[in-house]
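Here are the chains, one letter per residue:
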Amino acid sequence: MRPYNFSAGPAVLPEPVLAQAAAEMLDWHGSGMGVMEMSHRGREFISIYEQAEADLRSLLAVPAQFRILFMQGGGLGENAIVPLNLSRGGQVDVVVSGAWSQKSAAEARRYADVAVAASNETDGHTSLPAPASWQLRDGARYVHLCSNETIHGVEYQQLPDLAALGCSAPLVIDCSSHILSRPIDWQRVGLAFAGAQKNIGPAGLTLVIVREDLIGHALPVCPSAFDYKTVADNGSMFNTPPTYAIYIAGLVFQWLKAQGGVAAMEARNIAKAELLYGYLDRSGLYRNRVAPEGRSRMNVPFFLHDERLNDSFLAGAKERGLLQLKGHKSVGGMRASIYNAMPLDGVQALVAYLKDFAQRHG
Ligand SMILES: *Cc1c(COP(=O)(O)O)cnc(C)c1O
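About the criteria used
- Residues numbered from 1 in each chain as written.
- Predicted model: local features only at pLDDT ≥ 70, side-chain atom pairs only at ≥ 80, totals over all residues.
- Heavy atoms only, no water.
- Buried < 20%, exposed > 50% of the residue type's maximum accessible area, 1.4 Å probe, protein only.
- Helix = DSSP H or I, 4+ residues; strand = E, 2+ residues; numbered from the N terminus.
- Pairing = 2+ DSSP bridges.
- 1 Å grid on protein atoms, 1.4 Å probe; cavity = no way out; pocket = protein on both sides within 12 Å on 5 of 7 lines; lining within 4 Å.
- Points joined across faces, edges and corners; volume = space filled by probe spheres on them.
- Nonpolar A, V, L, I, M, F, W, Y, C, P; charged D, E, K, R; others polar.
- Domains from an automatic or database assignment.
- Phe/Tyr/Trp six-rings, centres within 6.5 Å; stacked < 30°, edge-to-face > 60°.
- Expected span 1.5 Å × (residues − 1).
- Arc of directions from axis to C-beta.
- Contact = heavy atoms within 4.5 Å.

Student: Explain the pairing of strand S14 (residues 334-337) to me, and be specific about the residues and the numbers.
Tutor: Side chains Met334 and Ala336 project from S14 onto one buried face, and the interleaved Arg335 and Ser337 project onto a second face that is buried too. In this structure, strand S12 (residues 299-304) lies alongside S14, joined through four bridges in antiparallel fashion. Across the sheet, residue Pro301 finds its bridge partner in S14, namely Arg335.

Student: Mind laying out empty space enclosed by the protein, listing which residues take part and the relevant values?
Tutor: Gaps between atoms show up when a probe of the same size as a water molecule is rolled over them. Considering all chains together, one arrives at two cavities of 30 Å³ or more under this definition. As a volume, the largest cavity reaches approximately 70 Å³. If you trace the largest cavity, you find it lined by Val12, Leu13, Pro14, Lys198, Asn199, Ile200, Gly201, Val252, Trp255, Leu256, Asn340 and Ala341. Grouping the constituent residues of the lining of the largest cavity by class yields eight nonpolar, three polar and one charged. Estimates place the volume of the second largest cavity at around 50 Å³. As for the second largest cavity, its lining consists of Glu78, Asn79, Val82, Pro83, Val92, Val94, Ser104, Ala108, Tyr142 and His144. Every element with two or more residues in the lining of the second largest cavity is listed here: helix H3 (74-86), strand S3 (91-96), helix H4 (99-108) and strand S5 (140-146). If you tally residues by element for the lining of the second largest cavity, the top one is H3, at four residues. Its residues assigned to classes, the lining of the second largest cavity shows six nonpolar, three polar and one charged.

Student: Which residues make up the layout of surface pockets, and what values do they have?
Tutor: In this model, the largest pocket occupies a volume close to 430 Å³. If you go around the largest pocket, you meet 23 residues; those closest to its centre are Val12, Leu13, Glu15, Ala341 and Pro343. Sorting the residues of the lining of the largest pocket by element identifies strand S1 (4-5), helix H1 (15-23), helix H7 (261-282) and helix H9 (344-361) as the ones contributing at least two each. With three residues, H1 is the largest single contributor of residues to the lining of the largest pocket. The residues that make up the lining of the largest pocket include at least three from each of domain 1 (15-258) and domain 2 (261-361). Within this model, the second largest pocket holds a volume of roughly 220 Å³. Lining the second largest pocket are 16 residues, and of these Gln157, Leu159, Arg182, Pro183 and Ile184 lie nearest its centre. Taken together, the residues of the lining of the second largest pocket sort by class into eight nonpolar, four polar and four charged.

Student: Describe the packing of aromatic side chains, and please don't skip the residues or the numbers.
Tutor: The full count for this structure, using the stated rule, is eleven aromatic pairs. On the basis of an interplanar angle of 65° and a centroid distance of 6.1 Å, the ring pair of Tyr286 and Phe313 is categorised as edge-to-face. Residue Tyr286 is located in strand S11 (residues 286-287), and its partner Phe313 is located in helix H8 (residues 310-319); the two are separated by 27 residues in the primary sequence. Under the relative-accessibility criterion, Tyr286 is labelled buried at 2%. Pairing Tyr353 with Phe357 gives two aromatic rings, centres 5.9 Å apart and planes at 50°, and the pair type is tilted. A residue pair is termed a helical-turn pair when its members lie 3 or 4 positions apart in one helix, as Tyr353 and Phe357 do in helix H9 at four residues. Take Tyr353 and Phe357: they sit in the same class, and that class is buried.

Student: For helix H2 (residues 43-59), give the residues involved together with the corresponding values.
Tutor: The end-to-end C-alpha distance of H2 is 24 Å, a good match for the 24 Å that 17 residues give at a rise of 1.5 Å each. Within H2, burial applies to Glu44, Phe45, Ile48, Tyr49, Ala52, Asp55, Leu56 and Leu59. Buried residues along H2 cover an arc of 135° about the axis, so they all sit on one side. Looking at the packing, one finds that the buried side of H2 touches strand S2 (66-71), strand S10 (206-211), helix H6 (243-258) and H7. Just downstream of H2, Ala61 is the residue with a positive phi angle, here 50°.

In short, geometric facts, not functional conclusions.
This is how it looks when you write it as structure tokens:
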């Protein structure tokens with residue numbers, strides 16, 4: 001059996017997907033070619049691409065007026081690409097809920113007049129800035145929110161309804177680390193972006209799902225390959241897309257459909273998160289610092305009360321086949337990322353180890 005991999009990203013992929021990719025590595029469906037060797041404009045790859053797009057659209061119930069773009073540049077690339085396309089050099093409001101949205105604000109400042117609408121920096125990014133408290137400007141071209149903060153483990157359980165807050169600007173969400181773990185309310189979203197390497201597939205692919213009316217307003221300095229209009233008009237093939245990453249993402253989409261889709265994944269993700277947080281809260285040895293209403297179902301940072309035990313905790317975990325539990329360097333402690341591809345068995349094995357370690361060191 002393979003170990004359980006709790007990496008925050010690049011992260012674990014479903015084993016059947018890896019097995020299928022391995023089986024098709026040298027010859028995809030009798031074509032005599034591996035997917036990496038195919039022209040992106042050939043019939044074979046176009047069929048892979050179209051299936052992946054259609055499956056993603058159905059999994060996330062993406063409405064017809066949204067375009068799905070398969071891009072490159074990662075989440076950090078989108079921190080520049082979004083303001084280049086949407087800001088028109090004007091105002092952008094950013095909600096800072098952790099390290100990733102902080103980076104988004106800093107990058108957008110290079111292209112737009114950025115204001116921080118709310119921030120949880122004073123409590124170390126452990127609370128959820130409540131929408132009612134956000135300071136939104138009338139002239140904002142968009143409002144940026146990181147709907148799941150991968151490093152600090154803070155997640156919005158509901159997307160804000162900007163219109164109800166009296167704001168007519170579109171909401172942009174960085175959903176890199178929880179896309180496909182739960183449904184997305186498209187009524188409340190203008191644009192969603194996600195690097196693939198957390199919950200979709202290999203690094204190198206970035207998904208952008210954008211409402212049509214937001215396309216076509218890029219600043220003149222925006223690189224053509226990053227202009228949403230150029231990308232959309234060319235079916236994500238203005239330049240060579242990350243073909244192999246799209247193929248793997250497509251296999252993950254098919255796996256998700258076979259699991260029952262996003263609603264079924266959400267139910268499993270709730271069960272996994274409740275099991276882990278429930279134990280952490282009851283234990284005397286471990287602690288998660290995030291306010292309960294803001295706790296991420298995907299990324300669970302936690303601390304040992306006695307941090308001198310960190311190295312021995314990690315060594316023991318590795319021995320039991322529980323990998324990559326070390327916390328992000330800016331936060332310290334531990335972090336268990338429990339994305340779609342982490343089965344309940346993996347979380348049960350982690351909790352069993354946590355209990356065992358606590359008994360030996362409590
Ligand atoms: C990982 C991550 C990013 C950065 O992605 P890159 O592909 O490294 O650019 C951005 N936002 C969030 C929420 C992330 O989890």
